[in-house]
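# Survey of secondary and tertiary structure
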Amino acid sequence: MKGKAVVTGASSGIGAATARALSKDFIVYCAARRVDRIEALAAEIGGVAVQCDVTVPHDVARLATVVGADLDVLVNNAGGALGQDWLEKTPLDDWGRMYEINVLGAARVTQALLPALRA
Ligand SMILES: NC(=O)c1ccc[n+]([C@@H]2O[C@H](COP(=O)([O-])OP(=O)(O)OC[C@H]3O[C@@H](n4cnc5c(N)ncnc54)[C@H](OP(=O)(O)O)[C@@H]3O)[C@@H](O)[C@H]2O)c1
């Protein structure tokens, strides 16, 4: 029987490639904001699409509910590189947004899924 894996940021790039690779051995829960893309990917790989913004606690709680009581693999991939301009030109809000997604988002998803991972 296949195990279960969650990939955040599965709607493009590294996350989509990771979801495809994991689908050989796992039912992959494909999480991201762009639902059309994760639905197409989930249909292709026999996975489950879950619309989820990792900065929104309610979305992350729903992801945990959909995944259920047990989980084998979590890939915290959602994120990106914002605020890459020279420091004197970079709005620091870009760094704040990046921290919110890349750092707090990863922590939020991990916190929500830890009980299932431990099980
Ligand atoms: N490519 C590189 O060379 C490189 C180098 C170092 C680190 N990384 C990291 O690797 C990860 C993937 O990079 P990539 O190149 O594959 O980038 P990408 O193609 O831009 O993919 C980023 C993914 O993150 C998702 N995402 C962004 N904000 C989100 C949010 N608030 N909630 C949920 N999902 C969110 C996007 O989905 P939606 O827009 O649909 O939500 C998308 O699926 C990123 O974390 C990036 O920082 C990449």
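First, a word on scope: everything that follows refers to the structure included in this document. (Residues numbered from 1 in each chain as written. Predicted model: local features only at pLDDT ≥ 70, side-chain atom pairs only at ≥ 80, totals over all residues. Heavy atoms only, no water.)

### Here we look at empty space enclosed by the protein
With a probe scaled to a water molecule rolled over the atoms, the places where space remains empty come into view. Keep this limit in mind: Cavity and pocket criteria rest on a 1 Å grid covering protein atoms alone: a 1.4 Å probe that fits but cannot get out defines a cavity, protein on both sides within 12 Å along at least 5 of 7 lines defines an open pocket, and an atom within 4 Å of a point defines a lining residue. Grid points are joined across faces, edges and corners, and a volume is the space filled by probe spheres set on the points. Gly falls in the polar group here, along with every residue not listed as nonpolar (Ala, Val, Leu, Ile, Met, Phe, Trp, Tyr, Cys, Pro) or charged (Asp, Glu, Lys, Arg).
In this structure the tally under the stated criterion is 1 cavity of 30 Å³ or more. A volume near 30 Å³ is recorded for the largest cavity. What lines the largest cavity is Thr8, Val54, Asn76, Asn77, Ala78, Ile101, Gly105, Ala106 and Val109. Among the residues making up the lining of the largest cavity, the classes are represented as 5 nonpolar, 4 polar and no charged.

### What about the pairing of strand β2 (residues 26-32)?
What counts is decided by this rule: We call a residue buried when its accessible area falls under 20% of the maximum for its residue type, exposed when it is over 50%, and partly exposed in between, using a 1.4 Å probe and counting protein chains only. Only runs of H or I of at least four residues qualify as helices and only runs of E of at least two qualify as strands under DSSP, and these elements are numbered from the N terminus. Handedness of a crossover: with both strands directed away from the viewer, a clockwise path from the first strand across the helix to the second marks it as right-handed. When DSSP finds at least two bridges between two strands, those strands are taken to pair.
β2 sits mainly inside the fold: 6 of its 7 residues count as buried. You can see the chain leave strand β1 (residues 3-8), run along helix α1 (residues 13-22) and come back into β2, and the turn it takes is right-handed. Direction of pairing for β2 relative to strand β3 (residues 48-51): parallel, over a ladder of 4 bridges. Counterpart to alanine 32 in the pairing with β3 is glutamine 51. Handedness of the β2-helix α2 (residues 35-45)-β3 crossover: right-handed.

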